[in-house]
Amino acid sequence: METVMTTRSIAALGLLLATTTGAFAQQASDTVSPERATGFSAAKVVTAKAHMVAAAHPLAAEAGEKVLAAGGSAIDAMIAVQTVLGLVEPQSSGLGGGAFLVYYDAGTKRITTLDGRETAPMEATPKLFLDETGQPLKFFDAVVGGRSVGTPGTVMLMQEAHNRWGRTPWKDLFAPAEKIARDGFAVSPRLASLIAAEGDKLKTFESTTAYFFGADGAPLKAGTILKNQPYAETLSAIAAGGAPAFYTGAIAEAIVDTVRMSGKNAGVLALADLANYQVKERRPVCVSYRALDICGMGPPSSGAVAIGQMLGLLENFDLKALGKDNPESWRLIGDAQRLAFADRERFLADTDFVPSPIKGLLEKTYLGERAKLLDGDKALTDDAVTSGKPEWDHAFNFGRDAAIELPSTSHFVIVDKDGNVVSMTTTIENGFGSRLMTNGFLLNNELTDFSFKTHDEGMPVANRVEPGKRPRSSMSPTIVMKDGKPLLAIGSPGGSQIIGYVAQALVAYIDWGLDVGAIVAMPHAINRFGPYDLEAGTDAEKLAEPLKALGYEVKIGDMNSGLHAIELTADGLKGAADPRREGVALGQ
Ligand code: DON
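In this report, we go over the structure that sits alongside the text. Since this is a predicted model, take the numbers as computed values, not measurements.

Digging into the pairing of strand β20 (residues 554-557)
- Here 4 bridges tie strand β19 (residues 532-535) to β20, and the two strands are oriented parallel to one another. Residue pairing for β20: Leu-534 is matched across the bridge by Ile-556.
- Handedness of the crossover is the feature at issue here: the chain leaves β19, passes through helix α21 (residues 544-549), returns alongside β20, and the resulting connection is right-handed.

This is the structure in structure tokens:
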């Protein structure tokens, strides 16, 4: 689980970057707020006329911005951003992981969603995460090692998107990350603190230990200049040979060997899984909310459907009049989220394998009926929070799921000079993924996003492991449309809390009129399964007593969002980065 950066470490990153990088770094140190998100204070809003990137690390945003400044498209910049992130924020996303892309094309005025989610190997069985006695494995016993590694999708996603919308030659887009990998980069305070917090887990495998720890076994310190020659070579091979250089040949063989020879937790990924991997275009899930259209990623992500359900329930109430400081708003938001999660755990999974009633789940009549459950003035009791009966024509039901999801991941947004928009959430799942590393990048543990249990009360679980299937995700890359034009691109990391982070930001933007700087910094209050999670050290704590009085159990703790947003206004672009992480918005 990733930990939240301290005030000191955020300030230190500003300093570090100011001394290690060029012109963009000056902007970067400006935009990294030295303050923890407290109260409803906002992150700095960066403005630009032509193009912008908001991403989780200044070097990644800078690489993307340079591509845009040279006339590249948003998709070109995406490749530069992703390849730098995989180097400087390796714990969160990279070549060994998967991603979802929500893309608005200014030429066709259409939104396309591409699914670069990892797949379960063809040799995987539904019992992948059960022990010899049929009991679910402990989470980290399942995560660490080859068992959890799915076929990576991010490289194919980059290739597919570039084939469709790229402008800059493919091979040129890998140069920024390759150069940084060869020259070295300063380990950020966040990365250093996460390595230190990992302890022995990250020392399970030799190549990972050698990269993240010094010769004396000490975790790398912030500011250490880290080079990654194998990563540079991997990028150089992909630049020259395209995605096939990753999915076949020496790199594919190294991935498979690493997974299959990882000791007692070895996995079953095979060369054929890599060679046959496909990115899938999925139908975007768009819901209307107060005259706007909120568009995002459908299954295998549960993100857009769950957010759509929450908003569809909340549309029946006047949140604007109630206001952001009113516990009644949070009762409605919290219970709308619990109802959405009750449907999510029963109905949502990879629709190539299980029929999900997406249309029924988002129907206004269904949600209008279900919204009546919120008419009371107290928190719903646990018994009242059950899945509903959406309309659908598939005659069977699924058991409730027990997927365990813990925080890591990255979200970035890009707008180019032509108005093309990228909203992409990208991950290797847990912080440092499976902890296995090969060719300079970490391998994902995405398969632990499946339900470990295969059945519940005699019914199969929709999100159980099956060969070739994609684990259900919560990632919610989103583009908000107004009158057919993009208005806001946003998303966040945070495991299953992503849904709440993004939904809260949308309500804050749409109902409460907060700007991008305020919505990414706003203290979090999230309710997925009953207890109300409130963000420690912020004004969200003020909700604790009123929410308890409404009948909620309240938990106060760190909440690790990484919201990045760009607003497209008549006057230009406005972007902001979540002050809880190291990200920035940069633009011109
Ligand atoms: O796909 C998912 O929903 C998760 N694997 C994402 C993991 C994540 O966001 C962890 N976050 N901080």
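From this point, the discussion proceeds with the structure in view.
Some remarks on the pattern of salt bridges
- Scanning the entire structure with this criterion turns up 33 salt bridges.
- Lys-364 is the partner of Glu-315 in a salt bridge, and the nearest nitrogen-oxygen pair spans 2.8 Å. Taken together, the residues span a long stretch of sequence, with Glu-315 in the loop between α14 (303-314) and α15 (319-322) and Lys-364 in helix α18 (residues 364-371) at a distance of 49 residues.
- On the accessibility criterion, Glu-315 (25% relative accessible area) is partly exposed.
- By relative accessible area, Lys-364 is classed as partly exposed at 42%.
- With a shortest N-O distance of 2.8 Å, Arg-331 and Glu-328 are connected by a salt bridge. With a gap of 3 residues between them, Arg-331 and Glu-328 both fall in helix α16 (residues 327-347), about one helical turn apart.
- The class for Glu-328 is partly exposed, based on a relative accessible area of 24%.
- Among the charged side chains, a network of salt bridges with common partners joins Asp-115, Lys-280, Arg-282, Asp-352 and Arg-470.

Quick word on the sheet that holds strand β7 (residues 280-282)
- One open sheet accounts for 7 strands, arranged β7-β4-β3-β11-β10-β2-β23; its pairing is antiparallel. Two strands bound the open sheet, and with one partner strand each, they are β7 and β23 (584-587). For this sheet the average axis-to-axis angle between neighbouring strands, irrespective of direction, equals 15°.
- Direction of pairing for strand β4 (residues 110-116) relative to β7: antiparallel, over a ladder of 3 bridges.

Observations concerning helix α3 (residues 58-69)
- The terminal C-alpha atoms of α3 lie 16 Å apart, and with 12 residues this matches the ideal 16 Å at 1.5 Å per residue to within 8%.
- Burial within α3 is extensive, with 10 of its 12 residues counted as buried.
- Turning to α3, its buried residues number three or more, namely Pro-58, Leu-59, Ala-60, Ala-61, Glu-62, Ala-63, Gly-64, Glu-65, Val-67 and Leu-68.
- Just beyond α3, the residue with positive phi is Gly-71, at close to 100°.

Re unusual backbone geometry
- The omega torsion across Pro-299 and Pro-300 is 15°, close enough to zero to call that bond cis.
- Relative to the helices and strands, Pro-300 resides in the loop between β9 (292-296) and α14.
- One non-glycine residue with positive phi stands out, namely Glu-429, at about 85°.
- Locating Glu-429 in the fold gives a position in the loop between β11 (421-427) and β12 (437-438).
- Judged by relative accessible area, Glu-429 falls into the buried class, the value being 5%.
- Despite not being glycine, Glu-457 shows a phi value in the positive range, around 50°.
- Note that Glu-457 resides in the loop between β14 (455-456) and β15 (459-460).

A word on the site of the ligand
- In the region of the ligand, 17 residues are neighbours, and Ser-408, Thr-409, Asp-449, Ser-473 and Gly-495 sit closest.
- Thr-409 is positioned such that a nitrogen or oxygen atom in its side chain is 2.7 Å from an oxygen atom of the ligand.
- At 2.8 Å from a nitrogen atom of the ligand is found a side-chain nitrogen or oxygen belonging to Glu-429.
- Relative to its unbound accessible area of 340 Å², the ligand is 100% covered by the protein chains.
- Here the shell around the ligand is composed, by residue class, of 5 nonpolar, 7 polar and 5 charged.

Details of the packing of aromatic side chains
- All told, the structure shown has 13 aromatic pairs when counted by the stated rule.
- Both rings, one in Tyr-247 and one in Tyr-277, keep their centres 5.9 Å apart while their planes meet at 10°; by these two values the pair is stacked. Here Tyr-247 is found in helix α11 (residues 244-247), whereas its partner Tyr-277 is found in the loop between α13 (271-275) and β7, with 30 residues between them in sequence.
- The class for Tyr-247 is buried, based on a relative accessible area of 3%.
- Given a relative accessible area of 5%, Tyr-277 falls into the buried group.
- Both rings, one in Tyr-532 and one in Tyr-552, keep their centres 5.0 Å apart while their planes meet at 85°; by these two values the pair is edge-to-face.

Calculation notes
- Residues numbered from 1 in each chain as written.
- Predicted model: local features only at pLDDT ≥ 70, side-chain atom pairs only at ≥ 80, totals over all residues.
- Heavy atoms only, no water.
- Pairing = 2+ DSSP bridges.
- Helix = DSSP H or I, 4+ residues; strand = E, 2+ residues; numbered from the N terminus.
- Right-handed = clockwise from strand over helix to strand, strands pointing away.
- Salt bridge = Lys/Arg side-chain N within 4 Å of Asp/Glu carboxyl O.
- Buried < 20%, exposed > 50% of the residue type's maximum accessible area, 1.4 Å probe, protein only.
- Axes fitted to C-alpha atoms, helices over the stretch in contact; angles between N-to-C directions.
- Expected span 1.5 Å × (residues − 1).
- Near = heavy atom within 4 Å.
- Polar contact = N/O pair within 3.5 Å; in protein donor to acceptor, adjacent residues only side chain to side chain.
- Areas by Shrake-Rupley, 256 points an atom, 1.4 Å probe, with all protein chains shown as cover.
- Nonpolar A, V, L, I, M, F, W, Y, C, P; charged D, E, K, R; others polar.
- Phe/Tyr/Trp six-rings, centres within 6.5 Å; stacked < 30°, edge-to-face > 60°.

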